[in-house]
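Commentary on secondary and tertiary structure
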Amino acid sequence: MKVGVASVETPYDEVVDEVTGRLERQQVRRCLDILTEVQRRGRDARVHQGHSYREVGRSARDPAAT
């Protein structure tokens, strides 16, 4: 025989969600700010230009390959 509640739902807290989101965005910005130039170029190629990870790696080894 089971006694107790099978599941407990935690109420949604909009304030906690907003603060958590802001803190996560700040952390991402801080991490992006400390990237080296090579890392930044790789990120830009991957995110903004749509290159695959393999293409980014290839161009990092041989910049003329792009």
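A few points on the structure. The shown structure was predicted, so the numbers you read here are calculated from the model rather than taken from an experiment.

Our focus in this paragraph is the overall build of the protein. What the protein contains, in helices and strands, is three helices and zero strands. Element order for the protein, N to C, with α for helix and β for strand: α-α-α. Within the protein, the fraction of its 66 residues that count as buried is 8%. For the protein, the exposed area adds up to about 6,400 Å²; of that, 54% sits on carbon and sulfur atoms.

Okay, the pattern of salt bridges next. Considering all chains together, one arrives at four salt bridges under this definition. A salt bridge links Arg43 to Asp44; its shortest N-O distance comes to 2.6 Å. Judged by its relative accessible area of 25%, Asp44 is partly exposed.

Here we take up helix α1 (residues 14-33). Its 20 residues give α1 an end-to-end C-alpha distance of 29 Å, which sits within 8% of 28 Å, the value for a rise of 1.5 Å per residue. N-cap assignment for α1: the residue whose side-chain oxygen lies 3.1 Å from the backbone N of Val15 is Asp13.

Calculation criteria
- Residues numbered from 1 in each chain as written.
- Predicted model: local features only at pLDDT ≥ 70, side-chain atom pairs only at ≥ 80, totals over all residues.
- Heavy atoms only, no water.
- Helix = DSSP H or I, 4+ residues; strand = E, 2+ residues; numbered from the N terminus.
- Buried < 20%, exposed > 50% of the residue type's maximum accessible area, 1.4 Å probe, protein only.
- Areas by Shrake-Rupley, 256 points an atom, 1.4 Å probe, with all protein chains shown as cover.
- Salt bridge = Lys/Arg side-chain N within 4 Å of Asp/Glu carboxyl O.
- Expected span 1.5 Å × (residues − 1).
- Polar contact = N/O pair within 3.5 Å; in protein donor to acceptor, adjacent residues only side chain to side chain.

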